[in-house]
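This is what each chain is made of:
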Amino acid sequence: MEKLTFYAVSAPEKLDRIGSYLAERLSRDVVRHRSGYVLIAMEALDQLLMACHSQSIKPFVESFLHMVAKLLESGEPKLQVLGTNSFVKFANIEEDTPSYHRRYDFFVSRFSAMCHSCHSNPEIRTEIRIAGIRGIQGVVRKTVNDELRATIWEPQHMDKIVPSLLFNMQKIEEADSRIGPPSSPSAADKEENPAVLAENCFRELLGRATFGNMNNAVRPVFAHLDHHKLWDPNEFAVHCFKIIMYSIQAQYSHHVIQEILGHLDARKKDSPRVRAGIIQVLLEAVAIAAKGSIGPTVLEVFNTLLKHLRLSVEFEANDLQGGSVVSANLNASSKDNDEKIVQNAIIQTIGFFGSNLPDYQRSEIMMFIMGKVPVFGTSTHTLDISQLGDLGTRRIQIMLLRSLLMVTSGYKAKTIVTALPGSFLDPLLSPSLMEDYELRQLVLEVMHNLMDRHDNRAKLRGIRIIPDVADLKIKREKICRQDTSFMKKNGQQLYRHIYLGCKEEDNVQKNYELLYTSLALITIELANEEVVIDLIRLAIALQDSAIINEDNLPMFHRCGIMALVAAYLNFVSQMIAVPAFCQHVSKVIEIRTMEAPYFLPEHIFRDKCMLPKSLEKHDKNLYFLTNKIAESLGGSGYSVERLSVPYVPQVTDEDRLSRRKSIVDTVSIQVDILPNSVPSDDVSTRVYPPEL
């Protein structure tokens, strides 16, 4: 061997003849099953290949590859492994000049087939599979760096390579799920374990992918997951996409996200669990991409997700309408629950994606989602709800508001105008979003997210009489000019929303808690003296509405409103720290504790609270009195003339929707001057026309 190597190195032009001769001998020996001679010939070829690096090695390589192909074609596992080992050695040699005419199609097919080996002996099967994976790794290393020979990225090759690797990765997933948590592989394990080897090869392949051929490498993954039904359960799919997202170059992340969205569109008619599986994979991909560049796909991601949210609600609505009462069997209800899984997965993804965006993009997304919410009086929303019916529309409103709630959480705007511009506030406070207690809760929670710029909300949680507000250590800043002008412009709208929200018949305890928090947050974040007076007027108007009860509210709701007013006036009196006002409020609360505990939040919201038969016979010491409050505030320099004018909400929705400032202003002036011009029950019990 030494002599032969010396001869070949000193006379490189003879390499071609040497290669041909060895190849001819080897072919004969393979056919005659002379394994010993085959080993010797292959060893000779390997050593010559490693030793000679001259220009004339090209023809020799052709003989060498011809021989490797012969070994791989033979049915004997031993020879297949031998051929693979030789090919891997060859793959690690860096050639001086690329060889443009050489093609590796046969090797890709053969190694891919070896990856799927089904040999009856498990040890031999594993050995052949490992050889197949190492062969693929060799082909990738050999071809991937040459820009002029990008054949390996062609779909016909990727469609063989990627599924072969995934097939082997999947096997370990199955084994692991049976045994328990996977242990980290040792160095020896990496060589002997097809799954670990396949995963490393897959990572290497993706790491070398460029902008042009990224999609060819990712698409076969979808085909494999579809074919083997791996979206439900989707552990393996998530595992694959985590590998993909961490292996590719960060600037291509949005490509993968676009591919997942495209696949979601393609599978939109599939079962809910499959769609939920794809969406969860998207969530994982977004979670990784959010740390780098998500690129231009932001709106596209939200658009696609919202479209699928609508589709899911549509399927759910159709199932409910389609199944008659008799056939409302278990199957329908389980499908219904499956759709809820899809919807929750979408909302989670929207929320996660939204909360990872910078603020300027987040406010765009908030506007975008709000624009999709179907509300009365705006025909601009782009979600088609014609197929949904009332129940479906309600459902889509709830889903979109839940998405909005997740996107707005943690959003901190410098001024309230940037957080709640008119184009966002108007649809948010629309009457269409007041027709259901859950919708009203979500609207208030979204408002809290945007208003609470100093994280005070947690301190205000629940509705209670706070003995000493100073203990809460509430953070606040001086009200800036923009916030003051925001309240001048939109204050009436907010008061109206709270006023009408208190008088809804389907309110539950959480509604009262959120309404109380809204009043408290407006006081902390947006209240100058004028706003404080308005809020006190609003509280007194609520107390009056509970006593007079023109809306025929049940007793629990009337007591709930009384308790809400008590909790708020107790809070605001301590916030503005006017001693006489605090005294009046605490005196009323004291008398209530003795004589009418059902007017206090600690009692009325407990189970089995005794309710009064009527409120007419009550002593007026149990109520907060306007003249007493006016007297106490007047003494501290507040302008209290407006306190004597009862609060009445803005006149009509038509005025509110017309967006013409002059009308709205005239309305609020008219309301202030002529309190009796509009009977309050007209406003609060108006039946809104059905949604268009």
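Owing to the predicted nature of the structure, the values given are computational and were not obtained by experimental measurement.

## What about the packing of helix α22 (residues 481-502) against helix α24 (residues 529-548)?
Okay, so step 1: Across the interface, α22 lies against α24 with an axial gap of 11 Å and an inter-helix angle of 20°. As judged from the angle between their axes, α22 and α24 are roughly parallel. When you trace α22 past α24, the crossing you get is right-handed. On the side of α22, the interface is formed by Met-487, Lys-488, Tyr-495, Ile-498, Tyr-499 and Cys-502, while α24 contributes Glu-530, Val-531, Asp-534, Leu-535, Leu-538, Ala-541, Leu-542 and Ser-545.
Okay, so step 2: In terms of residue class, the contact of α22 with α24 is made up of 10 nonpolar, 1 polar and 3 charged.

## Regarding the nonpolar core
Okay, so step 1: Judged by nonpolar contacts, the single largest core of 217 residues is most densely connected at Phe-241, Leu-569, Phe-571 and Leu-633.
Okay, so step 2: Setting aside residues up to four positions removed in sequence, Phe-571 forms contacts with Leu-460, Ile-466, Val-469, Ile-474, Tyr-516, Ala-520, Thr-523 and Ile-524.

## Some details on helix α11 (residues 214-227)
Okay, so step 1: For α11, which comprises 14 residues, the first-to-last C-alpha distance of 21 Å matches the rise-based estimate of 20 Å (1.5 Å per residue) to within 8%.
Okay, so step 2: When we look at burial in α11, the residues that qualify are Met-214, Asn-215, Ala-217, Val-218, Pro-220, Val-221, Phe-222, His-224 and Leu-225.
Okay, so step 3: One or two residues past the end of α11 sits Lys-229, with phi positive at roughly 55°.

## Observations regarding the packing of aromatic side chains
Okay, so step 1: Tallying each qualifying case throughout the model produces 17 aromatic pairs.
Okay, so step 2: Among the aromatic residues, ring-to-ring pairing joins Phe-64, Phe-87, Phe-90, Tyr-104, Phe-106, Phe-107 and Phe-111 into one connected group.
Okay, so step 3: The ring of Phe-90 has Lys-142 lying over it, and the distance from NZ or CZ to the ring centre is 4.5 Å.

## A look at the environment of Ile-536
Okay, so step 1: Positionally, Ile-536 belongs in helix α24.
Okay, so step 2: Look at Ile-536 and you get buried, because its relative accessible area is 0%.
Okay, so step 3: For Ile-536, the residues in contact, after removing those within four places along its chain, are Leu-569, Val-572, Phe-581, Ile-629, Leu-633 and Leu-643.

## Considerations on the side chain of Glu-259
Okay, so step 1: Examined against the element boundaries, Glu-259 turns out to sit in helix α13 (residues 253-266).
Okay, so step 2: In this structure Glu-259 touches Asn-215, Val-218, Arg-219 and Phe-222, once residues within four positions along its chain are discounted.

## What to know about helix α6 (residues 105-115)
Residue pairs three or four apart in sequence face the same way in an α-helix, which turns once every 3.6 residues.
Okay, so step 1: Residues of α6 that are buried: Phe-107, Val-108, Phe-111, Ser-112, Met-114 and Cys-115. Projected down its long axis, α6 carries its buried residues within an arc of 155°, all on one side.

## Overview of the environment of Leu-564
Okay, so step 1: Relative to the helices and strands, Leu-564 resides in helix α25 (residues 555-576).
Okay, so step 2: Its relative accessible area of 0% is what places Leu-564 among the buried residues.
Okay, so step 3: In the structure, Leu-564 is positioned 45 residues away from Leu-519 in sequence and 9.9 Å away in space, judged by C-alpha atoms.
Okay, so step 4: Apart from the residues lying within four places of it in its own chain, the contact partners of Leu-564 are Ile-463, Cys-502, Tyr-512, Leu-515 and Tyr-516.

## Details of the packing of helix α12 (residues 235-247) against helix α14 (residues 272-289)
Okay, so step 1: Two elements in contact, α12 and α14, have axes separated by 9 Å at closest approach and are oriented at 25°. Comparing their axes, α14 and α12 come out roughly parallel. At the point where α12 passes α14, the crossing takes the right-handed sense. Within the contact between the two elements, α12 uses Ala-237, Val-238, Phe-241, Lys-242, Met-245 and Tyr-246 and α14 uses Val-281, Glu-284, Ala-285, Ile-288 and Ala-289.
Okay, so step 2: A class-by-class count of the residues in the contact of α12 with α14 yields 9 nonpolar, no polar and 2 charged.

## Description of unusual backbone geometry
Okay, so step 1: With an omega dihedral of -5°, the bond running from Asp-232 to Pro-233 counts as a cis peptide bond.
Okay, so step 2: Phi angles above zero are rare outside glycine, and Lys-229 is one such case at about 55°.
Okay, so step 3: With respect to the helices and strands, Lys-229 occurs in the loop between α11 and α12.
Okay, so step 4: Taking the relative accessible area as the measure of exposure, Lys-229 reaches 65% and is therefore exposed.
Okay, so step 5: Phi at Ala-577 takes a positive value of approximately 50°, unusual for a residue other than glycine.

Cut-off values and rules
- Each residue is numbered by its place in its chain's sequence as written, counting from 1.
- Note on the predicted model: pLDDT of at least 70 is required for a residue's local features to be given, and 80 or more for side-chain atom pairs to be given and counted; whole-chain, interface and lining totals, by contrast, use all residues.
- Excluded from the side-chain calculations are hydrogens and water; all other atoms, namely the structure's heavy atoms, are used.
- Every axis corresponds to a line fitted to the C-alpha atoms, with the helix fit spanning only the stretch in contact, and the corresponding angles, defined between N-to-C directions, vary from 0 to 180 degrees.
- In this description a helix means any DSSP run of H or I spanning at least four residues, a strand means any run of E spanning at least two, and both kinds are numbered starting from the N terminus.
- When an angle is under 35 degrees it counts as roughly parallel; over 145 it counts as roughly antiparallel; between 65 and 115 it counts as roughly perpendicular; any other value is oblique.
- Two helices that cross are described as forming a left-handed crossing if the nearer one is turned anticlockwise from the farther one by less than a right angle, and a right-handed crossing if clockwise.
- Only heavy atoms enter the contact rule, under which two residues are in contact if any of them lie within 4.5 Å.
- Note on residue classes: Ala, Val, Leu, Ile, Met, Phe, Trp, Tyr, Cys and Pro are nonpolar, Asp, Glu, Lys and Arg are charged, and everything else, Gly too, is polar.
- For this analysis, a nonpolar core means a set of buried residues of the types Ala, Val, Leu, Ile, Met, Phe, Trp, Tyr and Cys, connected via side-chain atoms within 4.5 Å.
- Each residue is assigned to one of three classes by its accessible area relative to the maximum for its type, calculated with a 1.4 Å probe on protein chains only: buried under 20%, partly exposed between the two thresholds, exposed over 50%.
- Each helix should span, by expectation, one fewer than its residue count multiplied by 1.5 Å.
- Ring pairs are drawn from Phe, Tyr and Trp, using the six-membered ring of Trp, whenever the two centres fall within 6.5 Å, and their geometry is named by plane angle: stacked under 30 degrees, edge-to-face over 60, tilted for the rest.
- Charge over a ring is defined by NZ of Lys or CZ of Arg lying within 6 Å of the ring centre and within 35 degrees of the ring normal.
- As used here, the arc is the angular range of directions from the helix axis to the C-beta atoms.

The quantities given are spatial measurements derived from coordinates; they are silent on function.
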